[in-house]
Amino acid sequence: MPPIEKDTGKNELKSQIQQLIDSNQVMVFSKSYCPYCVKVKDLFKELNVECNVVELDLIEDGTTYQEMLLEMTGQKSVPNVFINKMHVGGCDKTMQAHEDGSLKQLLSGDAEAYEYDLIVIGGGSGGLACSKEAAMLGKKVMVLDYVVPTPKGTTWGLGGTCVNVGCIPKKLMHQTAVLGTAMQDARKFGWEFSETVKHNWDTMKTAVNNYIGSLNWGYRVALRDKSVEYINAYAEFIEPHKATNKRGKETFYTAAKFILATGERPRYLGIPGDKEYCITSDDLFSLPHSPGKTLVIGASYVALECGGFLAGLGLDVTVMVRSILLRGFDQDMANRAGEHMEEHGVKFLRKYVPVKVEELEAGTPGRLKVTAKSTESDEIFEGEYNTVLIAVGRDACTDKVGLDKIGVKVNPKNGKIPVNDEEQTNVPHVYAIGDILEGKWELTPVAIQAGKLLARRLYKGATLKCDYINVPTTVFTPMEYGSCGLSEEKATELYGQDNLEVYHSLFWPLEFTVPGRDNNRCYGKIICNKLDNDRVIGFHYLGPNAGEVTQGFGVAMKCGATKEQLDGTIGIHPTCAEVEVDAGHYRYQKSRIQKSCVVETTVLKYYSFSGLVTQIRVGIVFC
Ligand code: FAD
Ligand code: NA7
């Protein structure tokens with residue numbers, strides 16, 4: 001180590017530090033007594049790499065050195081490690097770089113050859129959140145996003161599924177249906193309007209798509225503001241650190257790290273006529289004409305939400321169900337949401353699967369004939385519809401990204417990518433987030449949270465990981481269903497029925513009483529673990545504004561709420577949410593959820609509120 005001249009002024013000291021960094025392959029600013037510094041020095045010894053060290057506690061102006069280093073790197077603590085002129089960070093960062101292989105690249109000098117610190121493949125919920133965060137942390141970032149058109153030719157702008165063909169248009173069209181119901185209620189509240197009320201698909205579609213267009217623009221601006229380079233092109237790996245964009249002239253890009261955020265696309269049935277004549281949710285929200293009489297194939301949340309709002313617009317809707325409603329959700333709740341749809345005119349064709357779809361007449365909409373067979377007998381069903389909407393699940397976009405070329409493991413059964421709890425794939429410099437992850441929630445806020453936290457861990461030394469437990473969610477069926485935590489089935493499987501206490505209550509929102517609709521169709525259920533202080537492990541709510549109600553209970557569950565704490569929370573009256581904190585919740589007994597108990601439950605429920613005597617009478621009359 002050459003001696004460092006003292007008292008040469010701050011600028012001179014800074015340039016001497018820089019000289020040390022520039023002239024040594026590995027430069028460590030350390031303190032002789034610091035165990036983390038010892039760990040880092042031992043690592044380089046183990047790797048047989050010469051390590052140049054300045055022990056700041058053993059030189060006279062060590063404190064000034066530290067201040068200078070803070071100014072230069074944003075890091076004051078030791079060890080402060082530099083490799084081939086690049087700032088690596090402290091002990092954790094150095095160890096992490098050793099584990100993920102990037103330390104080796106830095107030592108070989110390869111890292112400097114990469115054009116980007118990070119390339120994100122997929123500009124949807126997860127990809128955009130992650131790339132913006134990484135850029136804000138000073139990294140050179142590129143996002144590649146490309147929408148492969150649907151078989152019907154539908155395509156869209158930047159932002160991924162949620163913004164263009166998912167949450168946003170879905171919720172706005174659900175809201176359209178909610179307004180239709182509100183208009184019917186309005187007459188009972190004294191609003192007088194004589195015109196025939198009808199819905200105009202084109203007006204709704206145009207308004208929704210204009211709003212989406214503004215979001216697409218906003219995303220582009222946000223990327224530009226944060227200096228993220230955005231390329232509208234389909235990406236494919238060709239080498240471990242190299243991706244290509246095959247749009248027009250083939251271009252190659254290299255990066256030290258990659259994040260896969262390619263999301264999912266709707267699955268087709270593989271039966272005659274599916275791609276030629278049917279649409280999926282990717283086409284529905286920008287369909288140029290009203291779908292007319294519609295058959296929805298599938299019974300999970302995309303199917304029920306779309307079927308629900310189409311019926312709410314006044315269309316004739318049938319849902320073809322292969323087995324159960326809302327697989328994976330609490331079945332008691334799923335069936336209640338389904339029953340409500342049925343009561344409001346949605347037809348359910350249960351235990352049937354489609355066999356073929358034929359065109360009877362072209363048009364906007366045309367006429368299609370659907371043939372289906374029973375899953376329980378030889379019976380064949382034939383029906384005519386204007387539109388057939390396929391909603392039988394979604395496939396991860398992982399098969400045409402060249403993952404085989406770089407050795408990233410994919411589950412061959414479902415195309416999903418297994419990752420560790422840091423969203424890292426089996427290839428250390430390749431990470432994955434969002435819908436393509438195996439065994440994780442397929443929800444926008446989950447993709448966003450995972451993306452942001454990943455960027456902070458990679459580039460800020462943060463350690464917080466994405467928590468995939470107790471994620472609140474809502475199914476926007478006509479009667480909305482919000483849940484957080486476990487379904488009753490899953491809770492029983494994990495803890496055993498004897499160890500659970502389930503509290504429930506039917507209720508009638510005050511807003512529904514005057515119009516006299518949906519009496520006792522709303523329902524709250526709380527599942528508690530008796531082995532753990534009656535901790536709430538499942539929250540379920542079927543009623544208006546389910547998303548708004550469930551969000552707050554999600555916070556409570558994240559804080560580990562117990563039944564006692566819910567009971568001790570004073571409700572807001574008159575609201576629907578108060579049913580979930582009401583000490584009057586009943587312990588679950590099978591007989592209670594039978595329809596015959598509706599009168600009794602209603603009466604008891606309304607006794608628990610003061611001043612609602614009339615409600616009691618209404619309840620009895622309706623039941
Ligand atoms: P996406 O948002 O799907 O983004 C992936 C992007 O990568 C896409 O733009 C895709 O075109 C692009 N891409 C793929 N391959 C490549 C490639 N090789 N090169 C370049 N680009 C590529 N979630 C909720 O939280 N609430 C809801 O109410 C809700 N409703 C939904 C309703 C519907 C109808 C659907 C279909 C989904 C809904 N979701 C909802 C789910 C939500 O949309 C997804 O969980 C979320 O969009 C996933 O984000 P992601 O970043 O993983 O992928
Ligand atoms: P899901 O949740 O995978 O559900 C698929 C549904 O389609 C489910 O009801 C299936 O019935 C049904 N299905 C699957 N294959 C067929 C065939 N061949 N015929 C008839 N019905 C079939 O998909 P979604 O699209 O609703 O949602 C996927 C994600 O996208 C969701 O998590 C959201 O985040 C957005 P089954 O129960 O298997 O009998």
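In the annotation of an unreviewed UniProt entry, the entry for the protein reads thioredoxin-disulfide reductase (NADPH), and the organism field reads Cyclopterus lumpus. Among the UniProt annotations of the protein, the heading Function (unreviewed entry) holds the following wording: "Has a glutathione-disulfide oxidoreductase activity in the presence of NADPH and glutathione reductase. Reduces low molecular weight disulfides and proteins."

> Could you give an account of the site of ligand 1, naming the residues involved and the relevant values?
Taken together, 33 residues lie around ligand 1, and D145, Y146, T161, K170 and D435 are the ones closest in. Between an oxygen atom of ligand 1 and a main-chain N or O atom of C162, the distance comes to 3.4 Å. The separation between an oxygen atom of ligand 1 and a polar main-chain atom of T444 is 3.0 Å. When isolated, ligand 1 has an accessible area of 1000 Å², and the protein chains bury 95% of it.

> Can you break down helix α13 (residues 331-343) residue by residue, with the values?
For α13, spanning 13 residues, the distance from its first C-alpha to its last is 18 Å, which sits close to the expected 18 Å at 1.5 Å a residue. Of all the positions in α13, only Q331, D332, M333, A334, R336, A337, G338, H340 and M341 are classed as buried. The opening residue of α13 is D330, an N-cap whose side-chain oxygen sits 3.1 Å from the backbone nitrogen of D332. In the segment just after α13, G345 is the residue with positive phi, at about 100 degrees.

> Explain the pairing of strand β4 (residues 86-89) to me, and be specific about the residues and the numbers.
In terms of strand pairing, strand β3 (residues 80-83) meets β4 through three bridges, oriented antiparallel. Residue I83 lies in a different strand from β4, and its bridge partner there is M86. The antiparallel hairpin formed by β3 and β4 contains two residues in its connecting segment, where N84 sits at a positive phi of about 45 degrees.

> An account of the sheet that holds strand β16 (residues 352-361) is requested, with residue identities and associated values reported.
Reading across from one edge, β16-β17-β18 is the order of the three strands in this open sheet, with antiparallel pairing throughout. Of all the strands in the sheet, the pair left with one neighbour each is β16 and β18 (380-385). If you compare each strand with its neighbour and ignore which way they point, the axes differ by 20 degrees on average. Across six bridges, strand β17 (residues 367-374) lies against β18 in antiparallel orientation. When the sheet's bridge partners are listed, K373 is paired in β18 with I380.

> Tell me about the confidence of the model for the protein, residues and numbers included.
Mean pLDDT over the protein works out to 90, with 91% of the residues at or above the 70 mark. In this model residues 589-623 is a low-confidence stretch, pLDDT under 50, and it forms 53 contacts with partners more than four residues away in sequence or in other chains.

> Tell me about helix α9 (residues 201-225), and name the residues and values.
With 25 residues, α9 extends 36 Å between its outermost C-alpha atoms, agreeing within 8% with the 36 Å of an ideal straight helix rising 1.5 Å per residue. If you check which residues of α9 are buried, you get W201, M204, K205, V208, I212, N216, A222 and L223. At its buried positions, α9 is contacted by α6 (125-136), α7 (160-165), α8 (167-188), β7 (229-231), α11 (281-284) and α12 (301-312). The opening residue of α9 is N200, an N-cap whose side-chain oxygen sits 3.0 Å from the backbone nitrogen of D202. Directly beyond the C-terminal end of α9, a positive phi value near 60 degrees is found at S227.

> Explain the site of ligand 2 to me, and be specific about the residues and the numbers.
If you check the shell around ligand 2, you find 17 residues, and the closest are S300, R322, S323, R327 and E442. One nitrogen or oxygen atom from the main chain of A299 is found 3.0 Å from an oxygen atom belonging to ligand 2. Taking R327, its side chain carries an N or O atom lying 2.8 Å from an oxygen atom of ligand 2. For ligand 2, the accessible surface in isolation is 780 Å², of which the surrounding protein chains cover 79%. Listing elements by their share of the shell around ligand 2, those giving two or more residues are α12 and β16. In the shell around ligand 2, the residues fall into nine nonpolar, four polar and four charged.

> Tell me about the sheet that holds strand β1 (residues 26-30), and please be specific about residues and values.
Strand order in the open sheet formed by four strands is β2-β1-β3-β4, with mixed pairing between adjacent strands. Single-partner strands in this sheet number two, and they are β2 (52-55) and β4. Adjacent strand axes in the sheet meet at a mean angle of 20 degrees when their direction is disregarded. The pairing of β1 with β3 spans four bridges and is classified as antiparallel. Opposite V26, over in β3, you have I83 as the bridge partner. Lying on the sheet, helix α1 (residues 10-23) is in contact with β1, β2 and β3; it crosses β1 at an angle near 135 degrees. Each of β1, β2 and β3 is contacted by helix α2 (residues 35-46), which is oriented at about 160 degrees to β1, the strand it contacts most.

Calculation notes
- Residues numbered from 1 in each chain as written.
- Chains lettered and ligands numbered in written order.
- Predicted model: local features only at pLDDT ≥ 70, side-chain atom pairs only at ≥ 80, totals over all residues.
- Heavy atoms only, no water.
- UniProt positions renumbered as here; feature names shortened; annotations may be inferred.
- Near = heavy atom within 4 Å.
- Polar contact = N/O pair within 3.5 Å; in protein donor to acceptor, adjacent residues only side chain to side chain.
- Areas by Shrake-Rupley, 256 points an atom, 1.4 Å probe, with all protein chains shown as cover.
- Helix = DSSP H or I, 4+ residues; strand = E, 2+ residues; numbered from the N terminus.
- Expected span 1.5 Å × (residues − 1).
- Buried < 20%, exposed > 50% of the residue type's maximum accessible area, 1.4 Å probe, protein only.
- Pairing = 2+ DSSP bridges.
- Axes fitted to C-alpha atoms, helices over the stretch in contact; angles between N-to-C directions.
- pLDDT = per-residue confidence, 0-100.
- Contact = heavy atoms within 4.5 Å.
- Nonpolar A, V, L, I, M, F, W, Y, C, P; charged D, E, K, R; others polar.

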